[in-house]
Amino acid sequence: EDTSERIKGAVFGIYSDSDCTKLVEKLTTNANGYAKSRELTIGTYYVKEITAAPGYVVSANKVKVVVKSDETTRVDETNKEQLASITICKEGEVLAGWNGTNFTYLTQRIEGVTFKLTAGEDIYRADGTKAYSKGAVVKSNLKTGSDGKVVVNNLHLGTYVVTETKSVPGFTLNTTPKTIKI
């Protein structure tokens, strides 16, 4: 949808009913993003994607097609790249009180901690173009909100590294990077 690249490996069904329950034929797109059905009898059919190619989201579109004598009918469909989100949470122990003998602590989420997100490997879009080289900063200055978390949306599938870059008073900076594969 975003690049107009042809997609190999998408599986479509041709159905004889509008509920798409009566499969007439199953087609898989080739390297040129093309699939051709056998000759169909005159009538009304519905084309719907069954399985998207790797890295893409299955389209919910259903296309009505009327097959006529001695005519070729063409259906063009697009797919969106499958993207993901990462939620980064920061927790720490805070003083809860005194029980008469010892201080008591509880774990809670911490507001205001800053992180950066880098590519843990070369990361590619579903169409094969490189989005980020290994080590490239994807997002920086990601600060946790009052709920102690920050969300990064619209990430290409791959491996990322989350690193805390700035803590808040009363807490130690955790410099150990965390690797996440999505």
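Heads up: the structure comes first, above all this text.
Just so it is clear, the structure is predicted and the values come from calculations on it, not from any experiment.

Tell me about the layout of surface pockets, and name the residues and values.
In this model, the largest pocket occupies a volume close to 1,200 Å³. Only β1 (11-15), β3 (43-51) and β5 (62-67) provide two or more residues apiece to the lining of the largest pocket. The residue inventory of the lining of the largest pocket, partitioned by class, reads 14 nonpolar, ten polar and twelve charged. What the second largest pocket holds in volume is close to 210 Å³.

Residue-level account of the pattern of salt bridges, with values.
Tallied over the full model, the rule gives five salt bridges. A salt bridge links K90 to E164; its shortest N-O distance comes to 2.8 Å. Taken together, the residues K90 in the loop between β7 (83-89) and β8 (91-98) and E164 in strand β15 (residues 159-166) connect sequence positions 74 residues apart. Of the two residues examined, K90 and E164, each falls in the buried class. A salt bridge links R109 to E91, with the nearest nitrogen and oxygen atoms 3.7 Å apart. Of this pair, R109 sits in strand β9 (residues 103-109) while E91 sits in strand β8, and the two are 18 residues apart along the sequence.

Which residues make up unusual backbone geometry, and what values go with them?
The residue D70 is not glycine, and still its phi comes out positive at about 55 degrees. Locating D70 in the fold gives a position in the loop between β5 and β6 (80-81). With a relative accessible area of 81%, D70 lands in the exposed category. A positive phi is found at N141, a non-glycine position, where the angle reads about 55 degrees. Examined against the element boundaries, N141 turns out to sit in strand β13 (residues 137-143).

Describe a nonpolar patch on the surface, and please don't skip the residues or the numbers.
Taken together, the side chains of L95, W98, F103 and Y105 define a hydrophobic patch exposed on the protein surface, amounting to about 500 Å² of accessible area. Counting residues per element, the ones that place at least two in the nonpolar patch are β8 and β9. With respect to the helices, strands and loops of the structure, F103 is situated in strand β9.

Rules and cut-offs
- Residues numbered from 1 in each chain as written.
- Predicted model: local features only at pLDDT ≥ 70, side-chain atom pairs only at ≥ 80, totals over all residues.
- Heavy atoms only, no water.
- 1 Å grid on protein atoms, 1.4 Å probe; cavity = no way out; pocket = protein on both sides within 12 Å on 5 of 7 lines; lining within 4 Å.
- Points joined across faces, edges and corners; volume = space filled by probe spheres on them.
- Helix = DSSP H or I, 4+ residues; strand = E, 2+ residues; numbered from the N terminus.
- Nonpolar A, V, L, I, M, F, W, Y, C, P; charged D, E, K, R; others polar.
- Salt bridge = Lys/Arg side-chain N within 4 Å of Asp/Glu carboxyl O.
- Buried < 20%, exposed > 50% of the residue type's maximum accessible area, 1.4 Å probe, protein only.
- Patch = residues over 30% accessible without salt bridge, like charges linked within 9 Å, V, L, I, M, F, W, Y side chains within 5 Å.
- Areas by Shrake-Rupley, 256 points an atom, 1.4 Å probe, with all protein chains shown as cover.

Keep in mind these numbers describe shape, not what the thing actually does.
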